[in-house]
Amino acid sequence: MAEQIAVLGAGSWGSTLANMLVENGHNVKLWSRNQEQVDQLNNEHLNPHYMKDFVYSDKLVATSDMEEAVKNAEIILIVIPTKGIRQVASQLNTILEKNHQRPLIVHATKGLEQNTYKRPSEMLMEEINEENRQDIVVLSGPSHAEDVAIKDMTAVTAACTNLNAASRIQKVFSNNYFRVYTNNDVIGAEFGAALKNIIAIGAGALQGLGYHDNARAALITRGLAEIRRLGVAFGANPMTFIGLSGVGDLVVTATSKNSRNWRAGYQLGQGRKLDDVIKHMGMVIEGVYTAKAAHELSLKRQVKMPITDALYRVLYEGEDIKNAISQLMSRDLTSEIE
Ligand SMILES: NC(=O)C1=CN([C@@H]2O[C@H](COP(=O)(O)OP(=O)(O)OC[C@H]3O[C@@H](n4cnc5c(N)ncnc54)[C@H](OP(=O)(O)O)[C@@H]3O)[C@@H](O)[C@H]2O)C=CC1
Ligand SMILES: O=C(CO)COP(=O)(O)O
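Everything numeric in this text was worked out from a predicted model, so none of it was measured.

### Describing the packing of helix 11 (residues 260-269) against helix 12 (residues 274-281)
Two numbers describe how helix 11 lies on helix 12: the axes approach to 10 Å, and their chain directions differ by 140°. Classed by the angle they form, the pair helix 11 and helix 12 counts as oblique. Crossing of helix 11 against helix 12: the hand is right-handed. Counted together, R260, R263, A264, Q267 and L268 of helix 11 and L274, V277 and M281 of helix 12 form the full contact between these two elements. Among the residues making up the contact of helix 11 with helix 12, the classes are represented as 5 nonpolar, 1 polar and 2 charged.

### Considerations on a positive patch on the surface
Residues R222, R228, K304 and R331 make up a contiguous surface patch of positive charge. Summarising the element assignment, R228 is placed in helix 9 (residues 213-233). On the basis of relative accessible area, R228 is assigned to the partly exposed category, the value being 31%.

### A closer look at the UniProt feature "binding site: sn-glycerol 3-phosphate" (unreviewed entry) in the protein
Under the local residue numbering, the UniProt record ascribes the feature "binding site: sn-glycerol 3-phosphate" (unreviewed entry) to K110, G141, S143, K196, D249, S259, R260 and N261. Once you skip the residues sitting within four places of it in the chain, G141 turns out to touch K110, V156, L244, S245 and D249. With respect to the element layout, R260 can be found in helix 11. When residues no more than four places from it in sequence are discounted, the contact partners of R260 are S12, M281, M283, V284 and I285. Within polar-contact distance, the side chain of R260 engages the side chain of S12 at 3.4 Å.

### What about the site of ligand 2?
Inspection of the region around ligand 2 gives 13 residues, with K196, D249, S259, R260 and N261 positioned closest. Taking K110, its side chain carries an N or O atom lying 2.9 Å from an oxygen atom of ligand 2. Computed on the free molecule, ligand 2 has an accessible area of 310 Å², of which 92% lies beneath the protein chains in the complex. For the shell around ligand 2, the elements supplying multiple residues, two or more each, are helix 10 (244-254) and helix 11. Looking at the shell around ligand 2, the element that brings in the most residues is helix 10, giving 3 residues. Across the shell around ligand 2, the residue classes tally to 2 nonpolar, 7 polar and 4 charged.

### Focus: the domain arrangement of the protein
Under the domain assignment used here, the protein contains domain 1 (4-184) and domain 2 (194-329). For domain 1 and domain 2, the distance between their C-alpha centres works out to 25 Å. Here domain 1 packs against domain 2, burying approximately 2000 Å² in sum over the two surfaces, 57% of which is carbon and sulfur. When residues of domain 1 are sorted by the area they lose upon contact with domain 2, K110, Y117 and H144 head the list and together hold 31% of the total. At the boundary of domain 1 with domain 2, the tally comes to 1 salt bridge. The salt bridge partner of D249 is K110, with a shortest N-O separation of 2.6 Å. Among the secondary structure elements, those contributing two or more residues to the side of domain 1 that touches domain 2 are helix 6 (145-149), strand 7 (154-159) and strand 8 (178-183). A breakdown of the residues in the side of domain 1 that touches domain 2 according to their chemical character gives 8 nonpolar, 13 polar and 5 charged.

Conventions adopted
- Residues numbered from 1 in each chain as written.
- Chains lettered and ligands numbered in written order.
- Predicted model: local features only at pLDDT ≥ 70, side-chain atom pairs only at ≥ 80, totals over all residues.
- Heavy atoms only, no water.
- Axes fitted to C-alpha atoms, helices over the stretch in contact; angles between N-to-C directions.
- Helix = DSSP H or I, 4+ residues; strand = E, 2+ residues; numbered from the N terminus.
- Parallel < 35°, antiparallel > 145°, perpendicular 65-115°, else oblique.
- Left-handed = near helix turned anticlockwise from the far one by under 90°.
- Contact = heavy atoms within 4.5 Å.
- Nonpolar A, V, L, I, M, F, W, Y, C, P; charged D, E, K, R; others polar.
- Patch = residues over 30% accessible without salt bridge, like charges linked within 9 Å, V, L, I, M, F, W, Y side chains within 5 Å.
- Areas by Shrake-Rupley, 256 points an atom, 1.4 Å probe, with all protein chains shown as cover.
- Salt bridge = Lys/Arg side-chain N within 4 Å of Asp/Glu carboxyl O.
- Lys, Arg positive; Asp, Glu negative; His and termini not counted.
- Charge placed at Lys NZ, Arg CZ, Asp CG, Glu CD.
- Buried < 20%, exposed > 50% of the residue type's maximum accessible area, 1.4 Å probe, protein only.
- UniProt positions renumbered as here; feature names shortened; annotations may be inferred.
- Polar contact = N/O pair within 3.5 Å; in protein donor to acceptor, adjacent residues only side chain to side chain.
- Near = heavy atom within 4 Å.
- Domains from an automatic or database assignment.
- Buried area = accessible area lost by both parts, 1.4 Å probe.

Set out below in structure tokens:
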């Protein structure tokens, strides 16, 4: 059944998902705050800053008017970087209130908020009144926009405490190359998604410094251990971390040049300065901000996250990466399984 869907955020992931949903047979409106980008999407079907060389469906309609985008929408997909979520959600709430709309909300954002350490669904719950929305579903998993755009085989998770809502999203998004599983563990899905970006920066840095496969495998495995520790401390199901939004997303992000987090880490490993890396990426590097939030949260909760702490010192305290690595390797020897 064709659904009326609004996608808020026309960066690499929002625009790719919007295009896929059009090809799945849904009526989709894509919202961006940038009128020039909207014109280029509608007239030339291109979005070159975010998806170089990709040609979008001519059925995809873009608009810079949020009210127009969400008019009659039964599902609203929010794909905005973590730091922009509240602003967009609050604008959306005003529109939904005025128009007496109550859509199902989906988000695909991967991060934790600065200072509050809130997950995206928590921010959305705070900004969009309950009377103006149904459930909030998290769409997460190993899914680089570049691969989905070329219809490479992809599997992700739709997580929601209400499994009926997750199943609806599973049907709406799935097709013969994009397979969606359901999960009721929102906390685990969001912690896995946010924290893997930090480890991906570390994996890129190792490669930039000339380390090899053993080092990457060690980082991914011990990275997963600390992601799970923090998530479980907040009530996540440990099994989620061996699923698509856990190890799945960690592996894809920590091993791929498509990952902005990996690329940022690689450049840092090669000696580039963080400000310069951020300036030239032109797209969000969520792990840089989540590293700070996760570091502070782990101290507050007294959860050991040595890799995250090491990256925090490199990113925010100017510690040399090689020193941070030697410090990690010279900690007291310990058992693998706690
Ligand atoms: N790219 C990917 O493959 C995947 C990304 N994700 C996650 O999706 C989220 C979005 O990432 P992605 O699309 O890649 O990011 P990009 O950097 O590619 O694009 C971000 C988009 O959000 C818009 N935006 C940013 N802040 C605001 C704001 N305050 N108000 C309105 N619009 C805003 C930008 O608009 P403007 O151009 O005007 O700045 C741009 O259109 C991230 O959390 C990321 O981790 C998840 C899975 C895959
Ligand atoms: O989350 C992603 C793939 O699943 C995208 O990762 P990057 O933001 O590092 O590109």
